Amino acid sequence: MRIGIDVGGTFADGIIIDKDQITDGIKKPASGDLSDSVLSVLDAFPSRKVTKADHLCISTTLITNLFANQLFDPIGAALLSGPGRDLHSLPLAFPWISIDAYADVTGNCHGSINPKIIRFKIKELLKNNIQGIAVVSKFSGRNSTLETKTAEIVRNEFPGIQLICGNNVWGGLNFPKRIAAACCTLAARNFVKRFFCHLKTAIVSRGIRCPLSLLKADGGLMPLEEVYQHPLETILSGPAASAMGCVALTEIGVSAAFVDIGGSTCDIGLMLNSEPLISTRGVRLLNMPLPLRAFAMVSLGIGGNSPVVLKNGVPILSANKITDPNLLEYSTPTLTAAARVLELHNKGSHENAVNSFKNLAEKLTLSEYEIARMAVSYFQRQITDSLHCIQSLWLQEPAYRIWELHQKTKQIPQDLIVLGAGGQLLANLLKPLCNGSVTVPADGDMANAIGAALARHTFSVTLRADTLKKEVVILEDNLRRPIKDPRSFKLPQARELAFDIGSQRGKNYGIDPEHLDLEEVYGEQFNRIRYGLDSQRIIEIRLVRKSGIQYDHAV
Amino acid sequence: MDKLPTGFVFFPAFDWSLGIDHPEREERLLYTRDLLEEEGVFDISEIENILPEYAADEMISGPHICLPVLDRLITSAHRYAIGGIKTLADARMQNKIRNGFAVIRPPGHHAFRLTYGNRGFCNVNNMAILVHYLRTHYHIRKIAVIDTDVHHGDGTQNIFWHDPDTLFISTHQDGRTQYPGTGFLAEFGGPCAFGANINIPLLPGCGDKAMKHVIENTILPILDDFKPEMILNSAGQDCHFSDPLGSLRITAQGYVEITRLINPDLIVLEGGYSAETALPYLHLAILSTLAGINTADIHEPGFENVCIEEPEESIEAAKHIAEQALSAYQQREVFYKEAFRDTGKTCSRNLRIYYDTDGIVDFEHERFYRCDSCNGTLLIDSESHFGTGETIRTRVSIASYHRCSKCLDNAMKHFNTSLKKSSPFHFVVFQDLHENKVIKHQII
Ligand SMILES: [Zn+2]
Ligand SMILES: [Zn+2]
C-alpha cells in the first residue's frame, strides 16, 4: 500500500493505492504551511490504513518557496576559476571572492594556494555577514585538490564558518551550475534539515513507520535522508508529479502533450512513449542555472480560478489568486466562468457567469461573450507558446553523436491529455489547439498525488575513467577508484564496473534486481595517443534508471 | 532581448574517426566539449545552440562531383556536419542569429571540386558547400571566404578558381614548409576571376603581430573594395603556437583579434590539433568574440605571463607579402593582360591532385571557355589512379553561376557529345551551378 501526497498552491491532495487500485482520495485546501497541509491530508485518511502503508511520497514546492521567500541562510562563495568567461558576467546571487589558482580542462593545476591571501580575501567576504562559504573550483570533478586545500585553510582560520565544496555537490561539468548548486545547497541545508526532522517526527507520531520520500524534478523518489544532502533535486517536484500522474493514468506507450490545469497554475509537458521529455537546461534558482535533470516542462501562473482582468485595455488572466470559496457561483470573472459563458462546459449558472463579466463588458463596450472569448484565447495562446517552448528546450539539448541526432527527428505528438482539478471543466478549451485527440483520464483531478504515490527511485551512475591517471571517478558522489590494470581497462571493463556500482546503489534503495532497469544512455571510449604506440584511453559511461511507475503487480 | 544571439553548431561526431591514432579522431573535440560545458556557454542567452540535420545529396553534389559514388566518400558523420552548416546558414538568413560558428568534424578545405577520397583529412568541402548553398538557396551573389587555417585551403581555391563573385583569401604557413605545398601569391584566380583568389603565405614563426598586420593592411582593404554581401571564415586553429602540425605562433588572444577584425557572418571549423592544451580555449575565444562576451580572461592555461616571441624576419616577410598581395589586387587588370596575353577564347591548365590519406593521384586537364556576357563554362577531364590499380576517367562539363543561355547550351552540348558508347570516360557529368542541377552518367 502506497500513499502519495501533493501539496500545490490551491489544494493538498492525498491518495492511497493498494494493489494498483485507488482506495482513498482526499482533496483539502492547501494552508500556507507545508507541514500542516501534509498532516491534514494524512489525518483525513482512516488511521488503520495509513499505519499499514509501505511507502509515503510527498511532492512539494518547499524548496522553491524557500528561495522565493528569501528564507535561506546568508552565504558566500570562494571561486577558483582561471582562464575562461569573465566571473562578473556569471549570474551570482551571493557575494564572492576569486582566488588565483585553477585547474584546466585536463585537470592539471596551475598557480598555488597562498594561505595569506586566502585569509585576507575571506576576511573581506565575511564582512557580508555570512554564515557559510561554498568553495568551488573549475573542473573540480577532474581534480578537487584546490577546493580541498582552500577549504582546509578556511576551516583552520575561521572555525564556525560552514563549508561546502563544489565537487561534493556536482562532480559533472559546468562551473556556473556547480557554483549555483554548491551555494544554494549550503544556503538551504539548515532550513531543510530542520523542516524535515520536524515533519518526520510528526508523521512518525501518527504511527507511520514506512520509508518517506520526496519527489524529484526527474519524477524519481528521493529518500528523506538524502534530501538533506541534495535539497535542490526536489524543486519542480509539483510539475514532476503531474508528469508521473500522466504516465500512470495513460496506457503504456502513449505519446502526447499533457496539460495539468490547477486552480492557479498550469503545468505543461510532453511525453514520448510513456516517457516525459527530460531537459538538463533551463532549471534556475535565483536566476542561476542548476545542474538538474528535470522534466522539460513549463509552469504557468494561471489556472481555472485565475481572474480575468484588464491590462492596457485588453482582458487577460491575472496571476493573482482569488479566495472565492464557491467558484462555481461565478461572483468574479474567471477562466472557468469564461468557459461557462461560451458554453464550453455546463457547471454552474450560465446567467451568473455572464453577469460576472458585466463590469468588464461595460468598461470596454464589448459584449460579455466577446470578453469571455478574449480571455479564453489568451489562455490558449499561453498554452500553445508553452508547448513550443518545451519543444525547443528539448531540441536545445546538445547531441554529440550521430545516433543522438537520429533521435531528435522523432515526431512531436499531436494528442493532448488534460489533467488537474480544472481538467474536466476546461478540456474543451484546448481542443482547437491540437490536431489529435483530447483525453481527460478518470481520476485526472488527482494526477499529482497518484504520480507521487506510484513513482519509483531514479538514479544515475556517470563513470569517467582515465587510464593515464589510472583512476575511475563516479561523478554522482565523487567516488574515486584506482584502475589496477590500465592496459586492459577498456569500454567493456568500464561498463561492467558501472553496472556493478549501479546494482549496488539499487540494492541500497531496496530495488528488486529484476526491476533495476539500468539503461546505458552514453558509452564512449576516446583514445589518446601520447607516448608512441602505448594508447591511453578516456572512457565515459552513463547509466540511468529512468523514472517509471511502481506497480505492485507487473502488468 | 534586443541583440540577436550567436548561433553555435557543435557536432564533434563522437562516433567517427579516421583511425584510432589519427590526428583527426574523436578525441580532437572532446576537450572542447568539456571546456564549453564547464564554462556554461550553452546556458547563456548570447549563444544559441543549433542542432544539425541530416544533409541530403543535393547539399553536397551542388559544388562537388563525388566519384565514383557519393556514399563511398561520406558517412552519416559528414552528412550531419554539412547539415549543421545548413541549419546555421538558415538561422543566419532567417535573422534568428547575428552570426554563427560551426564546430564540426570532419574538416573540408582540402577537398577539390572533383573528389575521389580523403585528402588532408577532408572528403568534402564544408566551406564550398556553404557558399554554394547561400548562393543557390538564398541568392547571395558576392561572398568572401577568409581561410585562416595553417594549411593552404587548396580545395576551396580549386572550387572557386573561376568564380569572380567568390573572393577567396587564404593566410597560411608558406607552402615550402607545410602541406599541401601550394598557396603562393601567383595563384591568383582563373581568367574570369583573376584577383578573386589571394594567397598570403607566412613564414614559420609568424604570430599575432604578423597576422594582425596582414588583416589590417591587406585583407580589410580588399574586403572594402570587393564589398561582399557576406563574409565567411574557414577557421583552422592549427596556427596556434602549440599546434603539433603547424609552425605559426598565434595565441588565444590572437584568435580573438582575428575574429574581431574579420568580423565574419559565419565561421566553419577546419583544422586545429593541439586538442588538449589549446584548442578548447581557442574555440571559447572565438565563440566569445562572436557573441560579444568579455574575452579578457581567456588564455591558454599555464601561459599567464608568457610572451610568445615572433622572429623579426618573419614579421618583415609577412609585411612584405601583405604589401605585394594588396598591390597585386589593386593592379589586377594590368597583370591580367600579361597573364592571359597569349590565350584566346579558351584557357587550359593541368592539375595533379594527390590524396595523401587514400593514396589516390588525380590528373585533371581543365579547359575554360570564356564568354563576354557571363562567367563562361568549364570542361574538366580527370584521370584518377587509385592505389588499388583501379583507374577512373571522368569528364565534367560545368555551366557557371549566372551563366548565359548560350553557355548553358554549350555546356550541355559538351556533355551530350561525350556520352557516346565509344567514349573513353567512365563517368560523364553535367553540372549547372546556377540551378544546382547535376546529371551524372555512368558509361558501362
Ligand atoms: Zn589545417
Ligand atoms: Zn556566356
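These figures come from a predicted structure and were not determined experimentally. Numbers given to residues run from 1 along each chain, matching the order in which its sequence is written. Numbering of ligands from 1 and lettering of chains from A proceed in the order in which they are written. Local features are withheld for residues below a pLDDT of 70 in this predicted model, meaning they are given only at 70 or higher, and side-chain atom pairs are given and counted only at 80 or more; totals for whole chains, interfaces and linings count all residues. The side-chain numbers reported here are obtained from all heavy atoms of the structure, hydrogens and water having been left aside.

Some remarks on the overall build of chain A
To keep it simple, the criterion reads: Per the convention used, a helix needs a DSSP run of H or I reaching at least four residues, while a strand needs a run of E reaching at least two, with both numbered from the N terminus. To get the radius of gyration, use the C-alpha atoms; to get the globule rule, take the number of residues to the power 0.38 and multiply by 2.2 Å. Partly exposed residues are those whose accessible area sits between 20% and 50% of the maximum for their type, while under 20% is buried and over 50% is exposed, using a 1.4 Å probe and protein chains only.
Tallying secondary structure elements over chain A gives 17 helices and 29 strands in all. In terms of C-alpha radius of gyration, chain A reaches 26 Å, essentially the compact-globule figure of 24 Å for 555 residues. Overall, chain A is about 85 × 55 × 50 Å in size when its C-alpha atoms are taken along their principal axes. Expressed as a percentage of the 555 residues in chain A, the buried residues total 58%.

Points about the overall build of chain B
Heads up, the condition is: Contacts are residue-level and defined by heavy atoms, with any inter-residue pair within 4.5 Å sufficient. When charges are counted, Lys and Arg are positive and Asp and Glu negative, with His and the chain ends excluded. Here the site of a charge means atom NZ of a Lys, CZ of an Arg, CG of an Asp or CD of a Glu.
Of regular secondary structure, chain B possesses 12 helices and 16 strands. Taking 22 Å as the expected radius of gyration for a compact globule of 444 residues, we find that chain B reaches 21 Å, a close match to that expectation. Every one of the 444 residues in chain B was classed for burial, and the buried ones make up 64%. Sequence separation of 24 or more characterises 71% of the internal contacts of chain B that already satisfy a separation of 6 or more. In chain B, which carries 40 positive and 60 negative side-chain charges, the distance between the mean positions of the two groups comes to 10 Å.

What about the domain arrangement of chain A?
Residues and elements named next belong to chain A. What counts is decided by this rule: Each domain's extent is set by a domain assignment, obtained either automatically or from a database. Buried area: the accessible area, evaluated with a 1.4 Å probe, that two parts lose upon being put together, summed over both parts. In the sections that follow, a salt bridge refers to a side-chain nitrogen of Lys or Arg positioned within 4 Å of a carboxyl oxygen of Asp or Glu. The classification used treats Ala, Val, Leu, Ile, Met, Phe, Trp, Tyr, Cys and Pro as nonpolar, Asp, Glu, Lys and Arg as charged, and all other residues, Gly among them, as polar.
The domain boundaries assigned to chain A delineate domain 1 (75–188), domain 2 (251–446) and domain 3 (459–545). Distance from the C-alpha centre of domain 1 to the C-alpha centre of domain 2: 41 Å. With 10 residues of domain 1 in contact, the opposing surface of domain 2 contributes 10 residues. At the boundary of domain 1 with domain 2, total buried surface from both sides reaches about 850 Å², with 80% on carbon and sulfur atoms. By the criterion of area lost to domain 2, the three top residues of domain 1 are P91, K177 and C184, representing 55% of everything that side buries. Run the count over domain 1 and domain 2 and you get zero salt bridges. Of the residues contributing to the side of domain 1 that touches domain 2, the split by class is nine nonpolar, no polar and one charged.

Let's talk about the environment of N305(A)
Residues and elements named next belong to chain A. Structurally, N305 is set in the loop between β20 (297–300) and β21 (308–311). You can call N305 buried: its relative accessible area is 15%. Sequence-wise, N305 and T332 are 27 residues apart; in three dimensions their C-alpha atoms are separated by 9.5 Å.

Description of the coordination of the zinc ion (ligand 2)
Residue and element names in this part refer to chain B. For clarity, the cut-off: Nitrogen, oxygen and sulfur within 2.8 Å of a metal are treated as its donors, or within 3.2 Å for sodium, potassium and calcium (Na, K, Ca); water is not counted, so a site can appear incomplete. Angular criteria define each label, namely tetrahedral for four donors with all angles between 85 and 135 degrees, square planar for four and octahedral for six donors with opposite donors over 155 degrees apart and remaining angles between 65 and 115, and irregular for whatever fails these tests.
Within the protein, the atoms that donate to the zinc ion (ligand 2) are C371 (SG), C374 (SG), C404 (SG) and C407 (SG), at distances of 2.2 to 2.3 Å. Around the zinc ion (ligand 2) sit four donor atoms; with metal-centred angles ranging over 96 to 117°, the donor geometry is tetrahedral. Site description for the zinc ion (ligand 2): donor spacing in sequence, C-x2-C-x29-C-x2-C. A single burial state applies to C404 and to C407, both of which are buried.

A closer look at the coordination of the zinc ion (ligand 1)
Residues and elements named next belong to chain B. For the zinc ion (ligand 1), the full set of protein donor atoms is D149 (OD), D149 (OD), H151 (ND1) and D238 (OD), and the range of their distances to it is 1.9 to 2.7 Å. One way to put it: the four donor atoms around the zinc ion (ligand 1) meet at angles of 53 to 151°, and that makes the site irregular. We note that the donor set of the zinc ion (ligand 1) lies within a single chain, spaced as D-x1-H-x86-D. Of this pair, H151 sits in the loop between β6 (143–147) and α6 (154–159) while D238 sits in the loop between β9 (230–235) and α8 (252–262), and the two are 87 residues apart along the sequence. Each member of the pair H151 and D238 is classed as buried.

Thoughts on the pairing of strand β5 (residues 75–80) of chain A
All names here are of chain A. The cut-off we apply is this: Each pair of strands is called paired provided DSSP finds at least two bridges between the two strands.
Counting buried positions along β5 gives six out of six residues, so the element sits mostly inside the fold. Residues of β5 alternate between two faces, with I75, A77 and L79 on one and G76, A78 and L80 on the opposite face, all of them buried. Bridge count for β5 against strand β9 (residues 132–137) is six bridges, and the pairing is parallel. Note on β9: the bridge partner recorded for G76 is I133. Pairing geometry for β5 and strand β6 (residues 96–99), over four bridges, is parallel. Following the sheet pairing, A78 is matched in β6 by I97.

Comments concerning the sheet that holds strand β4 (residues 99–104) of chain B
Sheet strands line up and pair through hydrogen bonds in the backbone, either parallel or antiparallel. All names here are of chain B. Selection criterion: Axes here mean lines fitted to C-alpha atoms, for a helix over just the part in contact, with angles spanning 0 to 180 degrees between N-to-C directions.
Pairing within the open sheet is parallel, and its eight strands lie in the order β2-β1-β4-β10-β9-β6-β7-β8. Lying at the two open borders of the sheet, with one neighbouring strand each, are β2 (47–49) and β8 (197–202). For this sheet, the mean inter-axis angle between neighbouring strands, taken without regard to orientation, is 15°. In the sheet, β4 pairs with strand β10 (residues 266–269) via three bridges, with the strands oriented parallel. Among the inter-strand pairings, A102 is bridged to a residue of β10, identified as V268. Contacting β4, β6, β7 (166–173), β9 and β10, helix α5 (residues 126–138) crosses the sheet at an angle of about 165° to β9. Against the sheet, helix α9 (residues 279–291) makes contact with β1 (6–11), β2, β4 and β10, and its axis sits at roughly 160° relative to β4, the strand it touches most.

Description of the environment of L236(A)
Within the element layout of this structure, L236(A) appears in the loop between α8 (224–227) and α9 (237–249). Not counting chain neighbours up to four residues away, the residues in contact with L236(A) comprise T64(A), A217(A), V283(A) and A294(A).

Structural notes on the packing of helix α7 (residues 208–226) of chain B against helix α10 (residues 312–330) of chain B
Residues and elements named next belong to chain B. Stated formally: Every angle not falling under 35 degrees, over 145, or within 65 to 115 is termed oblique; those three ranges are roughly parallel, roughly antiparallel and roughly perpendicular.
Look at α7 against α10: their axes get within 8 Å of each other, and the N-to-C directions meet at 5°. Of the possible angle classes, the one that applies to α7 and α10 is roughly parallel. When α7 is examined against α10, the residues K209, A210, H213, V214, N217, T218, P221, I222, D225 and F226 are found in contact with a partner set consisting of I315, A318, K319, A322, E323, A325, L326 and Y329. Residues belonging to the contact of α7 with α10 are distributed by class as follows: 11 nonpolar, three polar and four charged.

Things to note about the packing of aromatic side chains
Aromatic ring pairs: the centre-centre distance and the angle between the two ring planes describe each pair. Defined as follows: In this scheme Phe, Tyr and Trp rings, the latter by its six-membered ring, pair at centre separations within 6.5 Å, and the angle between planes marks the pair as stacked below 30 degrees, edge-to-face above 60, and tilted otherwise. Throughout this description, the term charge over a ring refers to an Arg CZ or Lys NZ atom that lies within 6 Å of the ring centre and within 35 degrees of the ring normal.
If you walk through the whole model with that rule in mind, you get 20 aromatic pairs over all chains. Aromatic side chains F459(A) and Y509(A) sit 5.7 Å apart centroid to centroid with 40° between the ring planes, which places their arrangement in the tilted category. In this pair, F459(A) sits in strand β25 (residues 459–466) while Y509(A) sits in the loop between α17 (491–508) and β28 (519–531), placing the two residues 50 residues apart along the sequence. The class for F459(A) is buried, based on a relative accessible area of 5%. Following the ring pairs from residue to residue traces out a cluster consisting of F8(B), F10(B), F42(B) and F101(B). The ring of F11(A) carries K27(A) above its face, with NZ or CZ at 4.7 Å from the centroid. Cation over ring: R135(B) sits above Y401(B), and NZ or CZ is 4.7 Å from the ring centre.

Points about the pattern of salt bridges
Residue and element names in this part refer to chain B. This model, assessed by the stated rule, comprises 38 salt bridges over all chains. In this structure, the salt-bridge partner of R141 is D165, at a minimum N-O distance of 3.0 Å. A residue pair is termed long-range when its members are at least 10 positions apart, and R141 in the loop between α5 and β6 and D165 in the loop between α6 and β7 qualify at 24 residues. R141 gets classed as partly exposed once you look at its relative accessible area, which sits at 36%.

A look at the interface of chain B and chain A
Applicable threshold: Whenever a nitrogen or oxygen atom comes within 3.5 Å of another N or O atom, the pair is scored as a polar contact, on the condition that within protein one atom can donate a hydrogen and the other can accept it, and that pairs from neighbouring residues in sequence are kept only if both atoms are in side chains.
Taken together, the contact pairs 42 residues of chain B with 45 residues of chain A. Interface of chain B and chain A: buried area, both sides summed, is about 4,000 Å²; carbon and sulfur atoms make up 53% of it. Area buried by chain B at its contact with chain A is led by E38(B), D43(B) and L51(B), which between them contribute 18% of it. If you look at where chain B meets chain A, you find five salt bridges. Between R33(B) and E540(A) there is a salt bridge whose closest N-O contact spans 2.9 Å. The interface formed by chain B and chain A includes 17 residue pairs in polar contact (both at pLDDT 80 or more). Those elements giving two or more residues to the side of chain B that touches chain A turn out to be β1, α1 (30–39), β2, α4 (76–93) and α9 of chain B. Among the elements that take part in the side of chain B that touches chain A, α1(B) stands out by supplying eight residues, more than any other.

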